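Geometric and topological summary
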Amino acid sequence: MTAPGTDEIVVDRLTKQYKKLRAVDDLSFRVRSGRVTGFLGPNGAGKTTTLRMLLGLVTPTAGTATFGNQRYVDIKDPLREVGAVLEASSAHRGRTGRNHLRMICKAAGLPDTRADEVLELVGLTPAASRKFKGYSLGMKQRLGIAAAMLGNPRVLILDEPANGLDPEGIRWMRDLLKSLAAEGRTVLVSSHLLGEMQLLADDVVIVAAGKLIRQGPVDEVLGAMSGGASVRVRTPQAEALTAALSELNATVTATQDGVLLVHGAEAAAVGHAAFKAGVELHELSAERGDLEQVFLQLTAGKAGIR
Amino acid sequence: MSLVNAELFKVRTTSLWWIMGIILIPLYAASVLINWAQASAGAPPADAGVSDSQSATIEAALEPINVATNLYTSGQYMGILVVLLLSAIIVTSEFFHLTATTTFLVTPRREAVILAKFGAAVIIGVIVWLFTTILNLIVVPLILNSLDVGGSQLGEPAVWRAIGLNALAFVLWAILGVGAGVLIRSQIAATLILGIVYVVGTSVISLIFYLLSEYVAEWINNLQVIIPTTASALMISGTDLPGSPPRWVGAVVLIGYAAVLGFFGTWLTKRRDIS
Ligand SMILES: Nc1ncnc2c1ncn2[C@@H]1O[C@H](COP(=O)(O)OP(=O)(O)OP(=O)(O)O)[C@@H](O)[C@H]1O
Ligand SMILES: [Mg+2]
């Protein structure tokens, strides 16, 4: 076991200056264990740069990025503590998937048998002795995840792992990451796929232009931005329902033909009001805030590629 | 040690090693034949228009002991070229195939990775040296008997010293190759530059030195030994040939190159961002 706290990621006033461009700008956030944290931001926001600094591949201009209070470079057996998937194509084209993993085992002092175990875990066993150049994008991603799992680490860092995965693959990865977090591990995932993040993440860290925009549990971030949950109703008698709902002290917005969005009331209350007023309903659903909308709102004007 | 093992595993698990092997074997055979032809051609006639010091050099080179050391180190030229390129590729392929990220994630202490690459390159150098030397020990006694220069010459310490120095040359060039690979990260640039410098560099630079010594000052010619290939040739030559600096100078020059490239390369690798 490791010293307490090494499975918490701490980014503190992290800055990276490339010649003219400040790719990461005084960025601070924390990532807790036992949860999936989504790392979101438009193209060029500095996500990859941040993750690479965290993993000791890129030297920060200022600030620190640590596991607990330990830099990645100072961790004695880094693969047993932290697993990372950075880009899908970081294996030699002419080497087989199994040999790629064995090579890592040898360098990290892990038994060769781990290679076959993680191949099984990611479902790559049938392609294990094929060369990397023959892998599809999704297979490359799976090999990357396999490599990250070799040391059975307590912290996982993934840069856009959903890239190139088919719907089934995305579902598989979501389940895998959720179960890993449920085992108490720390999982930090960067992504553009906001719909996917909404299903996957417990917490989000949103960055734009190298700066932190918002951080917190998904529900909180969504709630703060969209002003609470809303209820969506579809009815052929929109006017009658609007009148009935005015008693509930809720705000009602008509969006399209016969669809009303109700803020400030529970779905049950809306249904009950409609029932009392004898209004016919075709649809009644509680809407969770939409991460995509919130994201676009938050990063508006800062999203341009620099 | 596990890192050196991992580096050797990397070489073993791609097609690189057998491609280099296929290149090496015919080149080795050719160099044995060339050395044989040279040894049996004999000295040029006295009025062939060669200067006194040149003919003295040629005469010395034709002494049985020098013929023997030359033959017993056959394959040095091409073997070292292969080791040099392979050593550079051990480094550059990490960037060419984008595996550097994986490598430095597994071992974030980068100097350990570079050190392991030096180790792996040295082992590869020794293997190629062993390969050519064992073949030489089988083939050369037969050639020497046919040349009638007085037996296999294997009783001569000078022969064994040449074989040992040949090993040192392989090792030093392997280190040089890794250092050069770190400096020139582009795979194509590194192999081209090393190949060209190694193969034609010597003659081009010799020409420059010749012109300098003719038109500027005679002593400049003595600096030829700073060319790595010349230094290497000097280091393994069986006895000190007239007109050349002592043999240890060649060794010092090569060790110097290997050390400077190695240290500078490691320092650079530690500083650079991997992205
Ligand atoms: N080595 C480098 N030299 C110069 N600029 C760089 C370098 N690496 C990244 N940048 C710049 O830093 C900024 C942040 O890049 P980064 O790759 O971290 O963004 P990102 O959030 O991962 O984007 P994406 O979502 O497109 O992957 C970009 O403007 C990029 O051009
Ligand atoms: Mg990125």
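Every residue gets a number counted from 1 within its own chain, in the order that chain's sequence is written. The order in which chains are written sets their letters, starting at A; the order in which ligands are written sets their numbers, starting at 1. Local features in this predicted model are restricted to residues whose pLDDT is 70 or higher, and side-chain atom pairs enter the listing and the counts only when it is 80 or higher, whereas totals over whole chains, interfaces and linings include all residues. Heavy atoms throughout the structure, all of them, feed into the side-chain values; hydrogens and water do not.

Section: the pattern of salt bridges
- Salt bridges are identified by distance alone: a Lys or Arg side-chain nitrogen within 4 Å of an Asp or Glu carboxyl oxygen. Counted under the stated rule, the structure contains 23 salt bridges over all chains.
- Between Asp273(B) and Lys16(A) there is a salt bridge whose closest N-O contact spans 2.9 Å. In this pair, Asp273(B) is assigned in the segment after helix H11 (247–271) and Lys16(A) in strand E1 (residues 9–18), connecting two distinct chains.
- Between Glu111(B) and Lys270(B) there is a salt bridge whose closest N-O contact spans 2.7 Å. Remark: Lys270(B) occurs in helix H11 and Glu111(B) occurs in helix H7 (residues 110–147); sequence separation between them is 159 residues.
- Here Lys270(B) falls in the partly exposed class, since its relative accessible area comes to 46%.
- Each of Glu7(B), Lys10(B), Glu94(B) and Lys117(B) takes part in one network of salt bridges that share partners. Under the scheme used here, helices are H or I runs from DSSP no shorter than 4 residues and strands are E runs no shorter than 2 residues, and both carry numbers assigned from the N terminus. Relative accessibility decides the category of a residue: with a 1.4 Å probe and only protein chains considered, values under 20% of the type maximum give buried, values over 50% give exposed, and everything between is partly exposed.

Quick word on the sheet that holds strand E2 (residues 21–31) of chain A
Residue and element names in this part refer to chain A.
- Within the open sheet, the three strands sit side by side as E2-E1-E4. Their pairing is antiparallel. Bordering the open sheet on either side are E2 and strand E4 (62–67), each of which pairs with just one other strand. Taken over all neighbouring pairs, the strand axes of this sheet differ in orientation by 20° on average, direction set aside.
- Two strands are counted as paired when DSSP detects at least two bridges linking them. Of the strand pairs in this sheet, E1 and E2 are connected by seven bridges, and their pairing is antiparallel. Paired with Lys-16 across the bridge in E2 is Val-24.
- Note on contacts: a residue pair is in contact if any heavy atoms of the two residues lie within 4.5 Å. The convention used is that axes are lines fitted to C-alpha atoms, helices contributing only their stretch in contact, and that angles between N-to-C directions extend from 0 to 180 degrees. Against the sheet, helix H1 (residues 47–54) touches E1, E2 and E4, its axis set at about 115° to E1.

A look at the side chain of Thr13(B)
- Looking at the secondary structure, you find Thr13(B) in the loop between helix H1 (2–12) and helix H2 (16–41).
- Looking at Thr13(B), the relative accessible area reads 14%, which means it is buried.
- Those residues in contact with Thr13(B) that lie beyond four places of it in its chain are Gly94(A), Arg95(A) and Asn99(A).

A closer look at the site of ligand 1
- Near, as used in this document, describes a residue that has one of its heavy atoms within 4 Å of the molecule or strand being considered. What surrounds ligand 1 is a group of 15 residues, the closest being Asn43(A), Lys47(A), Thr48(A), Thr49(A) and His192(A).
- Nearby residues place ligand 1 at the junction of chains A and B.
- The separation between an oxygen atom of ligand 1 and a polar side-chain atom of Asn43(A) is 2.8 Å.
- One of the side-chain nitrogen or oxygen atoms of Lys47(A) is found 2.7 Å away from an oxygen atom of ligand 1.
- Across the complex, the protein chains shield 66% of the 640 Å² of accessible surface that ligand 1 would expose by itself.
- Counting only elements with at least two residues in the shell around ligand 1, the list comes to E2 and H1 of chain A.
- No other element matches H1(A), which puts three residues into the shell around ligand 1. Polar contacts here mean pairs of N or O atoms no more than 3.5 Å apart (in protein, one a potential hydrogen donor and the other a potential acceptor; neighbouring residues in sequence count only if both atoms are side-chain atoms). We get accessible surface area from the Shrake-Rupley algorithm with a probe of 1.4 Å; when it comes to residues, only the shown protein chains can shield them.

Here's the deal with the side chain of Thr186(A)
Residue and element names in this part refer to chain A.
- Here Thr-186 is to be found in strand E7 (residues 186–191).
- With a relative accessible area of 0%, Thr-186 lands in the buried category.
- Ignoring anything within four residues of it in the chain, the contact list for Thr-186 reads Asp-7, Ile-9, Val-31, Arg-32, Ser-33, Gly-34, Arg-35, Arg-154, Val-155 and Leu-156.

Here's the deal with the UniProt feature "transmembrane region" (unreviewed entry) in chain B
Residues and elements named next belong to chain B.
- UniProt positions are given in the numbering used here, feature names are shortened, and annotations may be inferred rather than shown by experiment. As recorded in UniProt, the feature "transmembrane region" (unreviewed entry) lies at residues 16–37, 77–106, 118–143, 163–184, 191–212 and 248–269.
- Here residues 16–37 runs as 100% helix and 0% strand, with 32 Å between its end C-alpha atoms.
- As annotated, residues 191–212 has a helix share of 100% and a strand share of 0%, and its two end C-alpha atoms lie 29 Å apart.

Topic: the sheet that holds strand E8 (residues 203–208) of chain A
All names here are of chain A.
- Pairing in this open sheet of six strands is mixed, and the strands run E5-E6-E7-E3-E8-E9 from one edge to the other. The open sheet terminates on both sides in strands that have one partner only, identified here as strand E5 (82–85) and strand E9 (211–217). Sheet twist, expressed as the average angle between the axes of neighbouring strands with direction ignored, equals 15°.
- Its contacts with the sheet place helix H5 (residues 137–149) against E5 and strand E6 (155–159), and it is angled at close to 170° to E5.
- Against the sheet, helix H11 (residues 291–299) makes contact with strand E3 (36–40), E8 and E9, and its axis sits at roughly 35° relative to E8, the strand it touches most.

A word on the environment of Ser186(B)
All names here are of chain B.
- On the secondary structure map, Ser-186 appears in the loop between helix H8 (157–183) and helix H9 (187–215).
- By relative accessible area, which is 38% here, Ser-186 ends up partly exposed.
- Along the primary structure Ser-186 and Glu-94 are separated by 92 residues, whereas in three dimensions their C-alpha atoms are 10.0 Å apart.

Examining the pairing of E3(A)
Residue and element names in this part refer to chain A.
- Most of E3 is tucked away: five of the five residues are buried.
- Neither face of E3 is left uncovered, since the one carrying Val-36, Gly-38 and Leu-40 and the one carrying Thr-37 and Phe-39 both have all their residues buried.
- Relative to E7, E3 runs parallel, the two sharing five bridges. Within E7, the residue paired with Gly-38 across the bridge is Val-189.
- The sheet contact formed by E3 and E8 spans four bridges and is parallel. Looking at the pairing, Phe-39 lines up with Val-205 of E8.

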